[in-house]
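Descriptive analysis of the structure
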Amino acid sequence: MPKILIVGGGYAGFYTALKLERSLRPGEAEVTIVDPLPYMTYQPFLPEIAAGSIDPRHAVVSHRRHLEKTTILTAKVTGISHATKTATITPEIGDPWEFEYDIIVVTAGSVSRTFPIPGVADQAIGLKTIEEATAIRDRILTNFDKAALLPAGAARDRLLTFTVVGGGFAGIEVFGELRSLATDLLRYYPTLSFDDTHFHLIEATGRIMPEVSVKTSLWVIKSYAQRGAQIHLETQLTSAVDGVIQLSTGESFETDLIVWTAGVMASPTMRHTDLPVEERGRLRVQADLRVVNDDGVVEGAWGAGDVSAVPDLTGDGIAGYCVPNAQHAVRQGKLMAKNITATLRGDLPRDYFHKNLGAVATLGLGQGAFQAGKIGITGVPAWFMHRGYHGLAVPMWERKIRVFSGWALNLFLRRDIVSLEARETPREAFATVAARPKV
Ligand SMILES: Cc1cc2nc3c(=O)[nH]c(=O)nc-3n(C[C@H](O)[C@H](O)[C@H](O)COP(=O)(O)OP(=O)(O)OC[C@H]3O[C@@H](n4cnc5c(N)ncnc54)[C@H](O)[C@@H]3O)c2cc1C
């Protein structure tokens, strides 16, 4: 039986495995998926998780529960030698070992892309994982608790100043969601007022959200300004050392939270493979998702999602390639499963072709923006569209039901506002009181 190895169980990898389970006949191939995380993350929900509007567990999909016919290895692939068709699997505990495969599927996704700005690596947090989103939520909630006990002044200002770097979709969404959370929280903190909270988004270019029209993006900027959230356009972060933000405009302020959302790059896993990569570090694939090098198709190697440079045959892509988003990752994953099955049966694979459906963003409770071609919708209707679309797009019905019921309950019960930051030091309460042997 041919052995298929899927590297990465995120959006593209999860759907490839799910669809292979459905399309392969018994005994046709053996599928293994490797990911250091035991779940796929529905990243479009991260801004709402950071704002406490979605329970973090509801936005992750368990591999073991939903991939019943796939072998699951909760480990990392630390090297791929396609010349010998082996991948190095490195578990959390124990020695790495070599996995021999016949077909490799690379869906290792992307990671935050940063620049060497002083302080960023030490002070900022990304927004790519459920853990980061939860930590952001807890930081805001904890800071409100701390700030409520302080007199007005620099220390309190720092706790209540929140900064987002990057005005793409992820940045704009988390910025609006955090503003919305902070405004909501004020009702529980009589010693704090709206004017005590400060929100800054820093964007190097002259506009935000390139996926929407200029008109829609200007509406978003205006709406944020009315909500006390300032967007600094054509501004670069020059330093964040010790949480002191310095901007290229000369402005400076202190902040206790810096969320970095200024772009993504292909998973660094690609640096440890002999598979062909292009100049931006992405896997080179052709439109049917088979890996290619200068000599043509590399037999037995496939790629999709953020880690791959997939040609966009619609002509809408950036530099001819699909943009890194979930819309593409899910469809590419599904097609890749079909194409792999087809080639196993001696049939020809199909090319990937997907016309962009548009973009929809949440900007905080009751606020959204939608764009499809020339049609732009903003405000409450777009917010409902966002919830409707993403509530249905999260994989598996049991997840959709959890997300929709969570939203419905929050409408009546409001979001949870308790910080669980202490879970990061879970032994502290016990260790401080535990009896120790006398020496
Ligand atoms: C905040 C945010 C909001 C977003 N909102 C939207 C949106 O509204 N609409 C939209 O279309 N897109 C959105 N996106 C983008 C979308 O989520 C991604 O494009 C999509 O998840 C890419 O899927 P993927 O499978 O390529 O990568 P991922 O989903 O990132 O999965 C990659 C997987 O590979 C695993 N992995 C990495 N390295 C290894 C290794 N060495 N060995 C084994 N496993 C490995 C990772 O653990 C991960 O599970 C958003 C992204 C973010 C961060």
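Everything quoted here is computed from the prediction, not taken from an experiment. (Residues numbered from 1 in each chain as written. Predicted model: local features only at pLDDT ≥ 70, side-chain atom pairs only at ≥ 80, totals over all residues. Heavy atoms only, no water.)

**Let's talk about the nonpolar core**
Within soluble globular proteins, side chains that are nonpolar generally end up buried alongside one another. Core analysis: the biggest nonpolar cluster contains 108 residues, and Ile4, Phe45, Ile104, Phe144, Ile172 and Leu275 have the highest contact counts within it. In terms of residue count, the dominant contributor to this core is helix α7 (residues 169-185) (eight residues). Looking at which domains feed residues into this core, each of domain 1 (3-36 + 75-112 + 264-344) and domain 2 (120-262 + 358-413) supplies at least three. Other than its neighbours up to four places away in sequence, Phe45 contacts Ile54, Ala59, His390, Gly391, Val394, Val403 and Trp407. Ile202, Leu237, Phe253 and Ala262 belong to the second largest nonpolar core, which has twelve residues in total. (Core = buried A, V, L, I, M, F, W, Y, C linked by side-chain atoms within 4.5 Å. Buried < 20%, exposed > 50% of the residue type's maximum accessible area, 1.4 Å probe, protein only. Helix = DSSP H or I, 4+ residues; strand = E, 2+ residues; numbered from the N terminus. Domains from an automatic or database assignment. Contact = heavy atoms within 4.5 Å.)

**Quick notes on the packing of helix α1 (residues 11-23) against helix α9 (residues 326-344)**
Close contact between α1 and α9 brings their axes to 8 Å; oriented N to C, the two are set at 35°. For the pair α1 and α9, the sense of crossing is right-handed. Contacts between α1 and α9 pair Tyr11, Ala12, Tyr15, Thr16, Lys19, Leu20 and Ser23 from the former with Ala326, Ala329, Val330, Gly333, Lys334, Met336, Ala337, Ile340 and Thr341 from the latter. The residue makeup of the contact of α1 with α9, split by class, is ten nonpolar, four polar and two charged. (Axes fitted to C-alpha atoms, helices over the stretch in contact; angles between N-to-C directions. Left-handed = near helix turned anticlockwise from the far one by under 90°. Nonpolar A, V, L, I, M, F, W, Y, C, P; charged D, E, K, R; others polar.)

**Observations regarding the sheet that holds strand β14 (residues 237-239)**
What holds strands together in a sheet is hydrogen bonding between their backbones, with the strands either parallel or antiparallel. Strands sit in the order β14-β15-β16 across an open sheet of three strands; the sheet is antiparallel. The sheet terminates laterally at β14 and β16 (252-254), the two strands that pair on one side only. For this sheet, the mean inter-axis angle between neighbouring strands, taken without regard to orientation, is 35°. Where β14 and strand β15 (residues 244-247) come together, two bridges link them in antiparallel fashion. When the bridges of β15 are listed, Leu237 appears paired with Leu247. (Pairing = 2+ DSSP bridges.)

**Some thoughts on the sheet that holds strand β13 (residues 229-232)**
If you walk across this open sheet you meet the four strands as β13-β12-β11-β17, and the pairing is parallel. Whereas interior strands pair on both sides, the edge strands pair on one side only; in this sheet they are β13 and β17 (257-260). Neighbour to neighbour, the strand axes of the sheet diverge by 15° on average, direction disregarded. Bridging between strand β12 (residues 198-202) and β13 involves four bridges; their strand directions are parallel. For Ile202, the partnering residue across the bridge sits in β13 and is His232. Taken strand by strand, helix α5 (residues 130-147) contacts β11 (161-165) and β17, and its axis lies near 160° from that of β17. Against the sheet, α7 engages β11, β12, β13 and β17, with an angle of about 180° to β12.

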